[in-house]
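Read off the chains here:
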Amino acid sequence: MESSNEPRPLFIYGTLCAKPLLAWALTGDSSNVAQIHHMLRPACVHGYRRFAVKHADYPAVISSSNGSDFVDGYLLQAETPSQRRKLDDFEGEQYKVISVVVALVRHDDQDAEETITADMYLWDDDTDLLSSEPWELEIFVKDRLEDWIDIFDGMELIGEHDK
């Protein structure tokens, strides 16, 4: 656990990159996007690949031996341990938390000089469950996000209240 009250940074790369879904996970309301925007910075992680999970709307990231492979997403700095626990609960048991080096991305989509060590959810299930197809955030947002928001509306993730 962190010695301070601020949780470790987290690199997110999948459904949580859809800001309304992330807002729901962190605040309980998908319309609170403005309240979470300051927690996010565009970033990428090298040495990994993202795949669609067969018969699912979410992706998986696995390690890659190809040095040019990378996964784009956001560096998320949750504000409270409760918010982080909610994200851990959301991700479930198919993933394990690992430490990675995250490269922050400048506005011109080039890697910035700044890197940060952060946590990331790595696929920890059978790789036969992964499609050979990449997972695309834009397709998830266009085709499935509204359904996910409808399903989760009124639900709340488990996370103790911070003191």
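Residues numbered from 1 in each chain as written. Predicted model: local features only at pLDDT ≥ 70, side-chain atom pairs only at ≥ 80, totals over all residues. Heavy atoms only, no water.

Asker: Would you mind going over the nonpolar core with me for this structure?
Answerer: One broad trend across soluble globular proteins is that nonpolar side chains are buried collectively. Ile12, Leu21, Leu22, Tyr48, Leu76, Leu87 and Met120 are the most contacted members of the largest nonpolar core, which has 47 residues in total. No other element matches the 6 residues that helix H1 (residues 19-27) contributes to this core. Not counting residues within four places of it along the chain, the set of residues in contact with Ile12 comprises Cys17, Leu22, Leu40, Gly73, Tyr74 and Leu76. (Core = buried A, V, L, I, M, F, W, Y, C linked by side-chain atoms within 4.5 Å. Buried < 20%, exposed > 50% of the residue type's maximum accessible area, 1.4 Å probe, protein only. Helix = DSSP H or I, 4+ residues; strand = E, 2+ residues; numbered from the N terminus. Contact = heavy atoms within 4.5 Å.)

Asker: Would you explain the pairing of strand S4 (residues 59-63) in this entry?
Answerer: Note on strand geometry: in a regular strand, side chains alternate between the two faces of the sheet. Both strand S3 (residues 48-52) and S4 contribute to a ladder of 5 bridges, which runs antiparallel. Its bridge partner lying in S4, Phe51 is registered against Ala60. Joining the antiparallel neighbours S3 and S4 is a turn of 6 residues, in which His55 adopts a positive phi near 60 degrees. (Pairing = 2+ DSSP bridges.)

Asker: How should I be thinking about helix H5 (residues 145-152) in this particular structure?
Answerer: Owing to its 3.6 residues per turn, the α-helix aligns residues three or four sequence positions apart on the same side. Within the span of H5, buried status applies to Leu145, Trp148, Ile149 and Phe152. Buried residues in H5, looked at end-on, bunch into an arc of 100 degrees, giving them a common side. Away from its buried face, by an angle of more than 90 degrees, H5 presents the exposed residues Glu146, Asp150 and Ile151. (Arc of directions from axis to C-beta.)

Asker: Looking at this structure, how should I read helix H3 (residues 81-91)?
Answerer: With respect to burial, H3 is a largely interior element, 8 of its 11 residues being buried. Within the span of H3, buried status applies to Pro81, Ser82, Gln83, Arg84, Lys86, Leu87, Phe90 and Glu91. Directly after H3, the chain includes Gly92, whose backbone phi takes a positive value near 80 degrees.

Asker: Mind showing me how you'd approach the packing of aromatic side chains here?
Answerer: Throughout the structure, instances matching the rule amount to 9 aromatic pairs. On the basis of an interplanar angle of 55 degrees and a centroid distance of 6.3 Å, the ring pair of Phe90 and Trp148 is categorised as tilted. In this pair, Phe90 sits in helix H3 while Trp148 sits in helix H5, placing the two residues 58 residues apart along the sequence. A ring pair is formed by Tyr95 and Trp123, whose centres lie 5.3 Å apart and whose planes are at 80 degrees; its orientation type is edge-to-face. (Phe/Tyr/Trp six-rings, centres within 6.5 Å; stacked < 30°, edge-to-face > 60°.)

Asker: What am I meant to see in a negative patch on the surface here?
Answerer: A grouping of Asp29, Glu146, Asp150 and Asp153 is seen on the molecular surface, where their side chains present a negatively charged patch. Mapped onto the secondary structure, Glu146 falls in helix H5. With a relative accessible area of 62%, Glu146 lands in the exposed category. (Patch = residues over 30% accessible without salt bridge, like charges linked within 9 Å, V, L, I, M, F, W, Y side chains within 5 Å. Areas by Shrake-Rupley, 256 points an atom, 1.4 Å probe, with all protein chains shown as cover. Salt bridge = Lys/Arg side-chain N within 4 Å of Asp/Glu carboxyl O. Lys, Arg positive; Asp, Glu negative; His and termini not counted. Charge placed at Lys NZ, Arg CZ, Asp CG, Glu CD.)

Asker: Could you clarify how one ought to interpret the packing of H1 against H5 in this entry?
Answerer: To characterise two packed helices, one gives the angle between the axes of the helices and the distance between these axes. Contact geometry for H1 and H5: axes closest at 10 Å, N-to-C directions at 15 degrees. Classified by the angle between their axes, H1 and H5 sit roughly parallel to one another. Every pair of crossing elements has a handedness; the one defined by H1 and H5 is left-handed. Contacts between H1 and H5 involve Pro20, Leu21 and Trp24 from the first element and Leu145, Trp148, Ile149 and Phe152 from the second. Split by residue class, the contact of H1 with H5 holds 7 nonpolar, no polar and no charged. (Axes fitted to C-alpha atoms, helices over the stretch in contact; angles between N-to-C directions. Parallel < 35°, antiparallel > 145°, perpendicular 65-115°, else oblique. Left-handed = near helix turned anticlockwise from the far one by under 90°. Nonpolar A, V, L, I, M, F, W, Y, C, P; charged D, E, K, R; others polar.)

Asker: Help me understand the confidence of the model for the protein, please; the structure alone is not making it clear to me.
Answerer: Detailed reading of the predicted model is not advised wherever pLDDT is low. Of all residues in the protein, 88% have pLDDT values of 70 or greater, and the mean over the chain is 89. At the level of individual helices and strands, the protein shows its lowest average pLDDT in strand S7 (residues 111-123), which scores 88, and its highest in strand S1 (residues 10-12), which scores 98. (pLDDT = per-residue confidence, 0-100.)

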